[in-house]
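Per-entry structural report
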Amino acid sequence: MVAVLVITGLVTVACSSTGGGAAPSDPLLAQGQQVYQAHCATCHGTKGQGGTGMKLAGKVAQNFPNIDDQIAVIQNGRSGGMPAWGKSLSADEIRAVARYERECLGTTC
Ligand code: HEC
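These numbers come from a predicted model, not from an experiment.

Digging into the site of the ligand
The full set close to the ligand counts 23 residues, and C40, C43, H44, R78 and M82 are the nearest of them. If you list the elements that add at least two residues to the shell around the ligand, you get α2 (27–44), α3 (60–63), α4 (67–76) and α5 (91–103). In terms of residues, the shell around the ligand owes the most to one element, α2, which gives four residues. Of the residues that constitute the shell around the ligand, the class distribution is 13 nonpolar, eight polar and two charged.

Here is the structure:
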């Protein structure tokens, strides 16, 4: 019970510091969240629910069982309107945002 209260407190702090959804505790996922909100949310929605770009929440891990295939799409883009990010984002940023999309969108991570 005490643990639950502590965790709830931490999540509340994380929320108020980002002004939006809770920041993931894993630093890599937190970096991925920043990249996502800065570059991807405009098309894919702040929660990955879709918009101009397709829905990603709950889909990417299913559509790309191997994360490297997802990373290739992010790097090279797709003809259907997905921009290529290989030149504007570092390999680390792309891996971070790929992990964020797989592990955080559509969940409470
Ligand atoms: C200008 C709008 C736009 C932006 C910005 C954008 N995307 Fe996309 N994205 C799309 C569209 C449209 C598709 C569907 C392309 C197709 O399949 O033909 C797509 C597809 C994808 C897919 C494939 C999903 C699947 O299941 O097949 C991934 C992964 C993806 N985007 C990740 C990202 C990431 C990561 C970013 C930010 C770095 C991003 N997108 C930014 C428009 C966008």
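Focus on the pattern of salt bridges
In this structure the tally under the stated criterion is three salt bridges. The shortest N-O distance in the salt bridge between R99 and D26 comes to 3.7 Å. On the criterion of sequence distance, the pair formed by R99 in helix α5 and D26 in the loop between α1 (2–18) and α2 is long-range, its members being 73 residues apart. Residue class for R99 comes out partly exposed when judged on its relative accessible area of 23%. In this structure, R99 engages E103 in a salt bridge whose closest nitrogen and oxygen atoms are separated by 2.3 Å. In this pair, R99 and E103 are both assigned in helix α5, four residues apart and thus about one turn of the helix distant. Given a relative accessible area of 34%, E103 falls into the partly exposed group. It is possible to trace a salt-bridge network through shared partners that takes in D26, R99 and E103.

A short note on the packing of α4 against α5
The interhelical angle for the contact between α4 and α5, taken along N-to-C directions, is 120 degrees, at an axis separation of 10 Å. Relative to α5, the element α4 is oriented oblique. Like other packed secondary-structure pairs, α4 and α5 cross with a definite hand, here right-handed. Of the residues in α5, those touching α4 at I67, D68, Q70, I71, I74 and Q75 are I94, R95, V97, A98, R99, E101 and R102. Taken together, the residues of the contact of α4 with α5 sort by class into six nonpolar, two polar and five charged.

Focus on α4
The set of residues buried in α4 consists of I67, Q70, I71, V73 and I74. Across the axial projection of α4, the buried residues extend over an arc of 155 degrees, all falling on one side. Where the residues of α4 are buried, they touch α3 and α5. The opening residue of α4, the one whose side-chain oxygen lies 2.9 Å from the backbone nitrogen of D68, is N66. Phi turns positive, to about 75 degrees, at G77, one or two residues after α4.

About the thresholds
Residues numbered from 1 in each chain as written. Predicted model: local features only at pLDDT ≥ 70, side-chain atom pairs only at ≥ 80, totals over all residues. Heavy atoms only, no water. Near = heavy atom within 4 Å. Helix = DSSP H or I, 4+ residues; strand = E, 2+ residues; numbered from the N terminus. Nonpolar A, V, L, I, M, F, W, Y, C, P; charged D, E, K, R; others polar. Salt bridge = Lys/Arg side-chain N within 4 Å of Asp/Glu carboxyl O. Buried < 20%, exposed > 50% of the residue type's maximum accessible area, 1.4 Å probe, protein only. Axes fitted to C-alpha atoms, helices over the stretch in contact; angles between N-to-C directions. Parallel < 35°, antiparallel > 145°, perpendicular 65-115°, else oblique. Left-handed = near helix turned anticlockwise from the far one by under 90°. Contact = heavy atoms within 4.5 Å. Arc of directions from axis to C-beta. Polar contact = N/O pair within 3.5 Å; in protein donor to acceptor, adjacent residues only side chain to side chain.

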